[in-house]
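# Chains, contacts and geometry: an overview
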Amino acid sequence: MKWNSSLYDSSHEFVSRFGEGILGYLNPKTGERVLDLGCGTGDLTKSIKDAGVAVIGIDGSSEMIARAQEKFADIDFRVADARDMKLDVTFDAIFSNAVLHWIPDQDKVAQQMNAHLKPGGRIVVEFGGKGNNQQMIDALHSIFKDRGYNTNASINAWFFPSIAEYSTILERHGFRVILMEHFGRPTPLKGVNGIKDWFKMFGDKLFTDIPEPVKEDILNEVQIRLEPTHLLDGVWIADYKRIRAIAIKE
């Protein structure tokens, strides 16, 4: 997926803002080395650095990394795939916010996280869980089917696990889970076209091979369909469900 880093910063900064909540769970200590896995444009990486630790930020998107380097030139940012990181250092902790649901092969990610942690090191992660934005996705899939785009209606763009599913993955790769939460987090979206803009930013894969004029028409229809449930006092609300986990390398 190709990311628009400027649009991400200007209209979807809630990703980093809500991620600040999980930083308290990371509780970084002076002298530690932390990996920010899927750092995006670097705002949370900067917050980790400000806590007095050495930090490296990685992201699979060269566009995101270029923007992060532009914003925070004093931080070590690198383009790297979470499934095959091959970094030359190990870490006391690995932090990740709003990233893991983009990667289907979580066994490889868990294996890599374990390999890049010191003995007793920890992971602190938050990402989309079971039911995340399900009403929004169901509405779009229904419109796809109504219009004969059955292939698009079957596209699964994300990994949204249950607590049991994700705990099993971590345990299979040498982690002891000490916290696992699955919670709702209704999220306000910016602008009069909040639903449309969300799908344009995060759901482009769902529109594979659909012509741009048709895509725009479908987005208008899905936003109208969701208005009774997702427009509250003039503000569009996304029905986020999140997984938050802390686990220790055994």
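Structural notes, computed from the coordinates. Quick caveat, the model's predicted, so the values are computed rather than measured. (Residues numbered from 1 in each chain as written. Predicted model: local features only at pLDDT ≥ 70, side-chain atom pairs only at ≥ 80, totals over all residues. Heavy atoms only, no water.)

### Things to note about the pairing of strand 5 (residues 117-128)
In terms of burial, strand 5 is largely enclosed, as nine of its twelve residues are buried. Relative to strand 5, strand 4 (residues 91-97) runs parallel, the two being bridged by six bridges. Of the residues in strand 5, the one forming a bridge with Ala93 is Arg122. In this fold, the crossover linking strand 4 to strand 5 by way of helix 5 (residues 106-115) has right-handed handedness. (Buried < 20%, exposed > 50% of the residue type's maximum accessible area, 1.4 Å probe, protein only. Helix = DSSP H or I, 4+ residues; strand = E, 2+ residues; numbered from the N terminus. Pairing = 2+ DSSP bridges. Right-handed = clockwise from strand over helix to strand, strands pointing away.)

### Structural notes on the environment of Ile48
Along the chain, Ile48 turns up in helix 3 (residues 43-50). Residue classification places Ile48 among the buried positions, given a relative accessible area of 0%. Excluding its chain neighbours within four sequence positions, the residues that come into contact with Ile48 are Leu23, Leu26, Val34, Asp36, Val53, Val55 and Phe95. (Contact = heavy atoms within 4.5 Å.)

### A look at the pattern of salt bridges
Per the counting criterion, the structure on display carries 23 salt bridges. Notably, a salt bridge pairs Arg225 with Asp146, separated by 3.5 Å at the nearest N-O pair. Taken together, the residues Arg225 in helix 10 (residues 212-230) and Asp146 in helix 6 (residues 134-146) connect sequence positions 79 residues apart. Judged by its relative accessible area of 34%, Arg225 is partly exposed. Asp146 gets classed as exposed once you look at its relative accessible area, which sits at 55%. Note that Lys215 and Asp204 form a salt bridge whose closest N and O atoms lie 2.6 Å from each other. Of this pair, Lys215 sits in helix 10 while Asp204 sits in the loop between helix 9 (194-202) and helix 10, and the two are eleven residues apart along the sequence. Taking relative accessible area as the criterion, Lys215 reaches 7% and is therefore assigned buried. Several salt bridges share partner residues, and in doing so they unite Asp146, Arg147, Asp217, Glu221 and Arg225 into one network. (Salt bridge = Lys/Arg side-chain N within 4 Å of Asp/Glu carboxyl O.)

### Focus: the side chain of Asn152
Relative to the elements of secondary structure, Asn152 occurs in helix 7 (residues 150-153). Overall, Asn152 belongs to the buried group, its relative accessible area being 6%. A polar contact is formed between the side chain of Asn152 and the backbone oxygen of Leu206, at a distance of 2.9 Å. The residues touching Asn152, leaving out its near neighbours within four places in the chain, are His141, Phe144, Leu206, Phe207, Thr208 and Ile210. (Polar contact = N/O pair within 3.5 Å; in protein donor to acceptor, adjacent residues only side chain to side chain.)

### Points about helix 8 (residues 163-172)
Every buried residue belonging to helix 8 is among Tyr166, Ser167, Ile169 and Leu170, and all of these are buried. Looking down the long axis of helix 8, one finds its buried residues gathered within 160° of arc, a one-sided arrangement. Contacts made by the buried residues of helix 8 are with helix 5, strand 5, strand 6 (175-189) and strand 8 (235-249). Note on helix 8: the residue one or two positions beyond its end, Gly174, has a positive phi of about 85°. (Arc of directions from axis to C-beta.)

### Observations concerning the nonpolar core
Core analysis: the biggest nonpolar cluster contains 29 residues, and Leu35, Leu37, Ile58, Met113, Ile123, Tyr166 and Leu170 have the highest contact counts within it. Counting only elements with at least two residues in this core, the list comes to strand 1 (33-37), strand 2 (54-59), strand 4, helix 5, strand 5, helix 8, strand 6 and strand 8. Looking at which element gives the most residues to this core, the answer is strand 5, with four residues. Ranked by size, the runner-up nonpolar core spans 27 residues in total, among them Leu219, Val222, Leu226 and Ala238. (Core = buried A, V, L, I, M, F, W, Y, C linked by side-chain atoms within 4.5 Å.)

### Description of the packing of aromatic side chains
On inspection of all chains with the given rule, the structure shows nine aromatic pairs. Ring centres of Trp102 and Phe202 lie 6.4 Å apart, and the angle between their planes is 35°; on these two criteria the pair is classed as tilted. Here the residue Trp102 occupies a position in the loop between strand 4 and helix 5, and Phe202 occupies one in helix 9, the gap between them amounting to 100 residues. When its relative accessible area of 23% is taken as the criterion, Trp102 is described as partly exposed. On the basis of an interplanar angle of 50° and a centroid distance of 5.5 Å, the ring pair of Trp198 and Phe202 is categorised as tilted. Separated by four residues within a single helix, Trp198 and Phe202 lie in helix 9, roughly one turn from each other. In this pair, the class of Trp198 matches that of Phe202, namely buried. Three or more aromatic residues joined by ring pairs make a cluster, and in this case those are Trp102, Trp158, Phe160, Trp198, Phe199 and Phe202. Looking at Lys215, its charged tip hangs above the ring of Phe207, at a distance of 5.4 Å from the centre. (Phe/Tyr/Trp six-rings, centres within 6.5 Å; stacked < 30°, edge-to-face > 60°. Lys NZ or Arg CZ within 6 Å of the ring centre and 35° of its normal.)

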